[in-house]
Structure formats: structure tokens, C-alpha cells
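Single-letter residue listing:
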Amino acid sequence: MQTLRYIIFALLLIPIKSFAGIYELDFDFGYDRQNYGVNRQNSVVSRNYSYGFSLYLFDLTAIDLNVSNTSDITTQNDRYTVATGVDVIAQQNRVQTDVYGVSLKQMLTGRGSRIVPTISLGYAREFVTSSGDITVENTITKAQTVFNLTESKQRYNSVFGSFALQIKLTERFSLKASVRTLFPAFELNKAKDNLKYLAGFSWIF
């Protein structure tokens, strides 16, 4: 393991000009948690992982292949009566979104800049899986029963767009912050309705 670390460190210091082609690997992660309710008993948790591979056709322009996985979990622990002697005491909705995209990525400054802004725009195929469960309680016996909701799957043709800022730590390794959007094809007005803010890193080789 120690030897592997030394090799990676050495590779990061090799100048870009030593390579015939320019490729870039990206990893981004986002996490958001919101609690609400009188006693903060309810929550919405979102996690996002994103991976990208870019092939630079020109010095500042690349074709980018990207995959992202988003998990959104809404948990409600409010009690309410649905029938005599029966209360709903908890609900959870889970949405898993997998996106596979290809886009055109453009650097807005030269590679010599310490801070490099980039924009990407392209096509994405979106797969959405929804599931959940409801917990009910018999208020007389206090027995609880969990009912699983029917799982549903949907597919969408979407447009993927992003803006990122890369801060170079070495010539080949950068930290980055980005904002991304995913919206149905030909519905540009919905781009602002699905924004994700992520942090990660990129490695050029």
C-alpha cells in the first residue's frame, strides 16, 4: 500500500506534456440533510455520487462520459388516524436515480490557470426507481405493521448541464466544486428545478 502511494504521488508530478493524449477522471460527491417538524422528527436526506471520464479532442475541449447515482430518502414520523383504532405512525419514500450521460466539456481558461472554470452540456438517460413503506399501529393492542409500497420504475431522455470550478493543487490534480442540472429534453425552463451542488476532485493523465 505504501509503494502504491508513492507511485500515485510520482504520477501526479509528471508534466502533462509528457503524455501523447490528455484524459481526465472526475469524482464528485454531494450530501444534503433537512430536518423538519415540531420536534425535528422528519427528514429528507439526499446523497449523490458522480463519476466522469473525459477525452480531450483539443486542448480545452473534451468529450465527457459520466455516471451519477442519487439517493433521496424522505422519512416522516408524524402520527395521524386513518380509521378507528388505526394510526399511521411512520412513512418513508425512497427514490433512486441513475443517470448515464455523454456531453461536450469546455474549459473557459487555459491549462496554465490556477483556477479553471468548465462548462458541460449533453444528453443523459435517466432511470428512476421509487419505493417506500408505511407503518401503522393498532392503538388498542399497540401492534405495528409495515406495508411496503409497490416499486415503480421510469426512464427519461434528459439534458445534462454543469458548471464547475477546478482549483489546481498540482499540474495534474485539482479540487473542484460544481453545480449540475438535469431536465427533460426540450424543456429548458425546468433546468433550475433540479440543481445539485457537489464537491470532488479531478485527475489528468
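Residues numbered from 1 in each chain as written. Predicted model: local features only at pLDDT ≥ 70, side-chain atom pairs only at ≥ 80, totals over all residues. Heavy atoms only, no water.

Engineer: For the overall build of the chain, give the residues involved together with the corresponding values.
Structural biologist: A tally of regular secondary structure across the chain gives one helix and 10 strands. Put simply, the chain runs from its N terminus to its C terminus through helices and strands in the order α-β-β-β-β-β-β-β-β-β-β. Across the 205 residues in the chain, those meeting the buried criterion constitute 34%. Within the chain, residue pairs in contact and separated by at least 24 positions form 60% of the contacts whose partners lie at least 6 positions apart. Within the structure as shown, the chain displays about 12,400 Å² of accessible surface, and the carbon and sulfur contribution to it stands at 62%. (Helix = DSSP H or I, 4+ residues; strand = E, 2+ residues; numbered from the N terminus. Buried < 20%, exposed > 50% of the residue type's maximum accessible area, 1.4 Å probe, protein only. Contact = heavy atoms within 4.5 Å. Areas by Shrake-Rupley, 256 points an atom, 1.4 Å probe, with all protein chains shown as cover.)

Engineer: Give a description of the environment of Ser103 that names residues and reports values.
Structural biologist: Note that Ser103 resides in strand 5 (residues 86–107). In the structure, Ser103 is positioned 58 residues away from Gly161 in sequence and 8.2 Å away in space, judged by C-alpha atoms. With sequence-adjacent residues up to four places away left out, Ser103 is seen in contact with Ala62, Ile63, Asp64, Asn66, Ser120, Leu121, Gly122 and Phe160.

Engineer: Summarise the side chain of Asp26; cite the residues concerned and give the values.
Structural biologist: Of note, Asp26 is situated in strand 1 (residues 23–36). At 3.1 Å, the side chain of Asp26 forms a polar contact with the side chain of Lys176. Setting aside residues up to four positions removed in sequence, Asp26 forms contacts with Ser50, Tyr51, Gly52, Ser54, Lys105, Gln166, Lys176, Phe201 and Ser202. (Polar contact = N/O pair within 3.5 Å; in protein donor to acceptor, adjacent residues only side chain to side chain.)

Engineer: Which residues make up empty space enclosed by the protein, and what values do they have?
Structural biologist: Any empty space left between atoms is shown by rolling a water-sized probe over those atoms. Applying the stated rule across the entire model yields two cavities of 30 Å³ or more. By volume, the largest cavity amounts to about 120 Å³. Lining of the largest cavity is provided by 15 residues; of these, Asp64, Lys105, Ser120, Lys176 and Arg180 occupy positions nearest its centre. Residue assignment for the lining of the largest cavity shows that the elements contributing at least two residues are strand 2 (42–56), strand 3 (61–76), strand 6 (115–138), strand 8 (152–168) and strand 9 (173–184). The biggest single contributor to the lining of the largest cavity is strand 8, with four residues. Considering only residue class, the lining of the largest cavity consists of three nonpolar, seven polar and five charged. (1 Å grid on protein atoms, 1.4 Å probe; cavity = no way out; pocket = protein on both sides within 12 Å on 5 of 7 lines; lining within 4 Å. Points joined across faces, edges and corners; volume = space filled by probe spheres on them. Nonpolar A, V, L, I, M, F, W, Y, C, P; charged D, E, K, R; others polar.)

Engineer: Can you tell me about the pattern of salt bridges, naming the residues and giving the values?
Structural biologist: Enumeration according to the criterion identifies 10 salt bridges in this entry. Close ionic contact of Asp87 with Arg79 constitutes a salt bridge, the shortest N to O distance being 3.1 Å. On the accessibility criterion, Arg79 (48% relative accessible area) is partly exposed. Note that Glu187 is salt-bridged to Lys190, the shortest N-O span being 2.8 Å. Judged by its relative accessible area of 29%, Glu187 is partly exposed. Three or more residues joined by partner-sharing salt bridges are found here, namely Glu24, Asp26, Asp28, Lys105, Lys176 and Arg180. (Salt bridge = Lys/Arg side-chain N within 4 Å of Asp/Glu carboxyl O.)

Engineer: Pulling in residues and values, what's your account of unusual backbone geometry?
Structural biologist: Phi at Arg40 is positive, roughly 55°, even though this residue is not glycine. Examined against the element boundaries, Arg40 turns out to sit in the loop between strand 1 and strand 2. Positive phi values are uncommon outside glycine, yet Lys142 reaches one of about 70°. Residue position: Lys142 is located in the loop between strand 6 and strand 7 (144–148).

Engineer: Run through the packing of aromatic side chains, naming residues and quoting values.
Structural biologist: For any pair of aromatic rings, geometry is given as the distance between the ring centres together with the angle between the planes. Enumeration according to the criterion identifies eight aromatic pairs in this entry. When the centroid spacing of 5.9 Å and the interplanar angle of 20° are considered together, the rings of Tyr23 and Phe53 count as stacked. Within this pair, whereas Tyr23 is found in strand 1, its partner Phe53 is found in strand 2, the two being separated by 30 residues in sequence. Judged by its relative accessible area of 32%, Tyr23 falls in the partly exposed class. Among the residues examined, Phe53 registers a relative accessible area of 30% and is labelled partly exposed. When the ring of Phe27 is compared with that of Phe201, the centres are 5.9 Å apart and the planes differ by 40°; the resulting orientation is tilted. With Phe27 in strand 1 and Phe201 in strand 10 (residues 195–204), the pair connects residues that are 174 residues apart, well separated along the chain. Assessed through its relative accessible area of 34%, Phe201 is described here as partly exposed. (Phe/Tyr/Trp six-rings, centres within 6.5 Å; stacked < 30°, edge-to-face > 60°.)

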